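Architecture and fold: a report
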Amino acid sequence: MDRRGFLQRGGGAALGLWLPRSFGLPAHDPPGRPDGTTLQATVLRPDGPGYTRLSDGPGWPTVVRTDLASRRRAGTDRRRSLAAFAHLTDLHLIDAQSPTRVEFIDPIGEPFTAAFRPQETLTLHVAASMIRRINALRRGPITGRRLDCAVSTGDNIDNQQYNEAVWFRTLLDGGRLKADSGARGAYEGVQEPAGATPDNDWIYWHPDGGVRDRWKDELGYPDVPGLLDAAVAPFTSPGLHMRWYSTYGNHDGLIQGVIPSTAAVERVLVDEWKMIGLPPGMDVGAFLVGVIQAEPDDLLRKLSTGELPARKVTPDPQRRIITAREWVQLHLDSPRRPGPRGHGYTEDHLESPALHYEFEISPGIVGLSLDTGGYYSGSLGEDQVAWLNERLAAHSSRWFDEAGAVTTGDNDDALIMVFSHFNWRSMDSAIPHPDRPGERRVFGPEVVALLHRFPNVVAWVNGHHHVNRVEPLPDPSGRSGGFWDINTASHVDYPQHARIVELADNGDGTLSIFCTMIEHAASPRADYDDTSVLGLAALSRELSANDPQSDLAGRRGQAKDLNVELVLEAPFDLAAAGI
């Protein structure tokens, strides 16, 4: 029985929660090559109590979404491919041995439930596994177009550390690396036996065994001897075989994505003391404020004397804070291949505190990468909004001013895709940019209203929420056809997905954006004896799929958020514009 027959005869329902249920929506089988994507096969988490092993599952169909427009004719004979790219987001490359990780606040609950994840030593392996998958695909599964580029939309690293940023660049460019810091070749952290203290070892998963913990006793997590040694061993990333770009996220610019760097925090990062618990009777808010406001010498004294619970670790200067300028320089220092030089950044960005830029996805298709802020909730400053308005107009021959009047210009039309870390729903932070304290912050709804004034905008691609979600954003005024908001899940949490995004001209006055989910290259079923990169990535996926603090079904999304064809009106005559 083929995949379509399996789904039509109820096989999907038999698999329960972990297969999308919305199969009543219109769907079609793609004419392209689905091999290696979730059109062909998925990783299945069977529903049931206790710790669950993963397995192969059936592919998901492509759901046609006509929220913004409908194709005027059937068939694909007139379809023309315009662009294809891989969307990565929220890799969260974690230095799991960092002295400023605060795993001990995880049991407190929201909003601290991501302070410890059992799979966080394996984030580099997951990223390398996803790179292998993207390289193997080479082409879009629907149109067959060779992938033009890859875009990583923020939270590329986890803790604003220089060594994490070097790992990120090396993973995408290719080269030798290891998820190790401090004592070289030896893991020093809360997951080793007695890695914290006898009082709080219970709250962490200890894969080497010999220590009782809640993950094994209450949740059924396995013993995996040798995992920690394997996690910090060196390996080689193949690197992406295409151009790549990145946007800036809150974890790229803040400690743990929340705390601004201070002299005290920077000192702890490179020193020999790691915080391992809260002082008796102190709540987490008071603790964090005290750390932020502390004088460096006083904070180190409190750690060394036990006034703040701490353990000794090996100092490492590579764990230091990475500034925005250094972030740009790392991109500029990237090797010539796969390119492009700077990955969207230029020497001008070395002097600018805002990290937005424009890049070409493919001929006639423009990407605008926004700096939504190294802040917890995100927003845009007025200067960046002015830049955005100017670049939107530069690629439009017709748009609307703030009063709704038609404006024309002698500009070549292009189709525009916007990229950012924060989704418009989470852009609500009034925290000023430290270099522009008097600048007004612009929130998500106002940015959406700006984009609606430019009919050439077809999509806003983003991350941050660690969920798969696709949302139509129609223009309430009816002046433009609106655009699609495409949010993709993270690599650090289940389901560890990425997307292939393809843009096509249907030849009937409409466009289609095809989004196809991809699993990384590791086997669905983890082999606890396999310490290869793919073996460790498979284990990470399994561990994340059993995390009791994660909304697993919510993060995966519904059928309408996964493999989809997103139809919209073409904003201009593409052939006449030379696209």
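Keep in mind it's a predicted model, so treat the numbers as computed, not measured. (Residues numbered from 1 in each chain as written. Predicted model: local features only at pLDDT ≥ 70, side-chain atom pairs only at ≥ 80, totals over all residues. Heavy atoms only, no water.)

Digging into the pattern of salt bridges
Short version of the rule: Note on definitions: salt bridges are taken to be side-chain nitrogens of Lys or Arg within 4 Å of carboxyl oxygens of Asp or Glu. Elements are defined by DSSP. Helices are runs of H or I of four residues or more, strands are runs of E of two residues or more, and each kind is numbered from the N terminus. To sort residues, take the accessible area from a 1.4 Å probe on protein chains only and compare it with the maximum for the residue type: under 20% means buried, over 50% means exposed, and anything in between is partly exposed.
Counting across every chain of the model gives 35 salt bridges. One salt bridge in this structure joins Glu347 and Arg341, with 2.9 Å as the shortest N-O distance. A salt bridge links Asp493 to Arg555, with the shortest nitrogen-to-oxygen separation between them at 3.9 Å. Highlighted residues: Asp493 in the loop between β21 (483-487) and β22 (497-505) and Arg555 in helix α15 (residues 552-556), separated in sequence by 62 residues. When its relative accessible area of 4% is taken as the criterion, Asp493 is described as buried. A single network of salt bridges, built from pairs that share partners, joins Arg101, Glu103, Glu120, Asp158 and Lys274.

A short note on the side chain of Ser246
We count it as follows: Two N or O atoms form a polar contact when they lie within 3.5 Å of each other; inside protein one atom must be a possible hydrogen donor and the other a possible acceptor, and for residues adjacent in sequence the pair counts only when both atoms belong to side chains. Contacts are assigned to residue pairs with any non-hydrogen atoms lying within 4.5 Å of each other.
Tracing the chain through its elements places Ser246 in strand β9 (residues 243-247). Ser246 gets classed as buried once you look at its relative accessible area, which sits at 0%. Polar contacts involving the side chain of Ser246 include one to the side chain of His331, which spans 2.9 Å. Each residue touching Ser246, except ones within four places of it in the same chain, is listed here: Ser152, Asn156, Phe168, Trp327, His331, His343, Tyr345, Tyr357 and Ser369.

What to know about the confidence of the model for the protein
Here is the rule we go by: On a scale of 0 to 100, pLDDT captures the predictor's confidence in every residue.
Mean pLDDT over the protein: 91, with 93% of residues reaching 70 or higher. Contacts from residues 1-25, a stretch scored under 50 in pLDDT, to residues over four places away or in other chains number 47 contacts.

Focus on helix α9 (residues 284-293)
Using the following cut-off: The arc in question is the one spanned by the directions pointing from the helix axis to the C-beta atoms.
All of the buried residues along α9 are Val284, Phe287, Leu288 and Val291. Buried residues in α9, looked at end-on, bunch into an arc of 95 degrees, giving them a common side. Contact partners of the buried residues in α9: α8 (263-270), β10 (273-275) and α10 (296-305). Capping the start of α9 is the job of one residue whose side-chain oxygen sits 2.9 Å from the backbone nitrogen of Gly285: Asp283.

Quick look at the nonpolar core
What tends to happen in soluble globular proteins is that the nonpolar side chains get buried as a cluster. The cut-off we apply is this: Among the buried residues, those of types Ala, Val, Leu, Ile, Met, Phe, Trp, Tyr and Cys that are joined through side-chain atoms within 4.5 Å form a nonpolar core.
One finds Leu171 and Ile513 to be the most contacted residues of the largest nonpolar core, which totals 73 residues. Of the residues forming this core, the biggest block, seven residues, is contributed by helix α3 (residues 123-137).

Details of the packing of α3 against helix α14 (residues 533-544)
Axes are the key here: two packed helices are described by the angle between their axes and the distance separating the axes. Put simply, the rule reads: Between the N-to-C directions of two axes lies an angle of 0 to 180 degrees, each axis being a line fitted to C-alpha atoms and, for a helix, fitted only over the stretch in contact. For this classification, under 35 degrees means roughly parallel, over 145 means roughly antiparallel, 65 to 115 means roughly perpendicular, and everything else is oblique. Definitions for this section: a left-handed crossing has its near helix turned counterclockwise from the far helix by less than a right angle. A right-handed crossing has that turn clockwise. Basically, the charged four are Asp, Glu, Lys and Arg, the nonpolar ten are Ala, Val, Leu, Ile, Met, Phe, Trp, Tyr, Cys and Pro, and anything else, Gly included, counts as polar.
It is the contact of α3 with α14, at a shortest axis distance of 8 Å, that shows an interaxial angle of 110 degrees. The angle between α3 and α14 places the two elements in the roughly perpendicular class. Crossing handedness for the pair α3 and α14: left-handed. Contacts between α3 and α14 involve His125, Val126, Ala128, Ser129 and Arg132 on the former and, on the latter, Val533, Leu534, Leu536, Ala537 and Ser540. Here the residues of the contact of α3 with α14 are counted per class, giving six nonpolar, three polar and one charged.

Comments concerning the pairing of β22
Put simply, the rule is: Pairs of strands are assigned from DSSP output, requiring at least two bridges between the strands.
Counting buried positions along β22 gives nine out of nine residues, so the element sits mostly inside the fold. Burial along β22 is two-sided: the face carrying His497, Arg499, Val501, Leu503 and Asp505 and the face carrying Ala498, Ile500, Glu502 and Ala504 are both buried. Both strand β5 (residues 80-88) and β22 contribute to a ladder of seven bridges, which runs antiparallel. Its bridge partner being in β22, Ala86 is matched across the sheet by Ile500. By the bridge criterion, nine bridges tie β22 to strand β23 (residues 510-519) in an arrangement that is antiparallel. Its bridge partner being in β23, Val501 is matched across the sheet by Cys515. Between β22 and β23, which pair antiparallel and follow one another directly, the connecting turn spans four residues, one of which, Gly507, has a positive phi of 75 degrees.

A look at the packing of helix α4 (residues 162-173) against helix α11 (residues 324-332)
The interhelical angle for the contact between α4 and α11, taken along N-to-C directions, is 25 degrees, at an axis separation of 10 Å. Classified by the interaxial angle, the pair formed by α4 and α11 is roughly parallel. Remark: the crossing between α4 and α11 carries right-handed chirality. Residues Tyr162, Ala165, Val166, Phe168 and Arg169 of α4 touch α11, and the partners they reach there are Trp327, Leu330 and His331. Across the contact of α4 with α11, the residue classes tally to six nonpolar, one polar and one charged.

Some remarks on the environment of Tyr204
Within the secondary structure, Tyr204 sits in the loop between β7 (175-177) and α5 (214-217). Along the backbone, Tyr204 and Phe116 are 88 residues apart, and their C-alpha atoms lie at a distance of 7.7 Å.

Things to note about the packing of aromatic side chains
Remark: the centre distance and the inter-plane angle together describe each pair of aromatic rings, the angle taken between the planes. Let me state the cut-off plainly: Centre distance within 6.5 Å is the pairing criterion for rings of Phe, Tyr and Trp, where only the six-membered ring of Trp is used; planes under 30 degrees apart are then read as stacked, over 60 as edge-to-face, and the remainder as tilted. Throughout this description, the term charge over a ring refers to an Arg CZ or Lys NZ atom that lies within 6 Å of the ring centre and within 35 degrees of the ring normal.
Tallying each qualifying case throughout the model produces 16 aromatic pairs. Measuring from centroid to centroid gives 4.2 Å for Tyr245 and Phe359, while their planes differ by 25 degrees, and the two rings are stacked. Linking Tyr245 in strand β9 with Phe359 in strand β12 (residues 357-362), this pair joins segments that are 114 residues apart in sequence. For the residue pair Tyr245 and Phe359, the accessibility class agrees, reading buried in each case. One cation-aromatic arrangement involves Arg214 over Trp215; the distance from NZ or CZ to the ring centre is 5.2 Å.

Here's the deal with unusual backbone geometry
The linkage connecting Gly339 with the following residue, Pro340, adopts the cis geometry, with an omega of -5 degrees. Within the secondary structure layout, Pro340 lies in the loop between α11 and β12. The omega angle of the peptide bond from Tyr494 to Pro495 is 10 degrees, so this bond is cis rather than trans. Tracing the backbone through its elements, the reader meets Pro495 in the loop between β21 and β22.

Regarding the environment of Asp530
Tracing the backbone through its elements, the reader meets Asp530 in the loop between β23 and α14. Each C-alpha atom, one on Asp530 and one on Ala230, is 9.6 Å from the other, the two residues being 300 residues apart in sequence. Filtering out sequence-adjacent residues up to four positions away, Asp530 remains in contact with Gly535 and Leu536. For Asp530, the side chain forms a polar contact with the side chain of Ser532, separated by 2.7 Å.

What to know about the sheet that holds strand β19 (residues 457-462)
Pairing within the open sheet is mixed, and its six strands lie in the order β12-β13-β17-β19-β21-β20. Lying at the two open borders of the sheet, with one neighbouring strand each, are β12 and β20 (469-473). Within this sheet the neighbouring strands show an average axis-to-axis angle of 20 degrees, counted without direction. For strand β17 (residues 415-419) and β19, the ladder comprises four bridges, and the chain directions are parallel. Its bridge partner lying in β19, Ile416 is registered against Val457. On top of the sheet, helix α12 (residues 382-394) reaches β12, β13 (365-369), β17 and β19; it is set at about 180 degrees to β13, its chief contact. Sitting on the sheet, helix α13 (residues 444-452) is in contact with β17, β19, β20 and β21, with an inclination near 150 degrees to β19.

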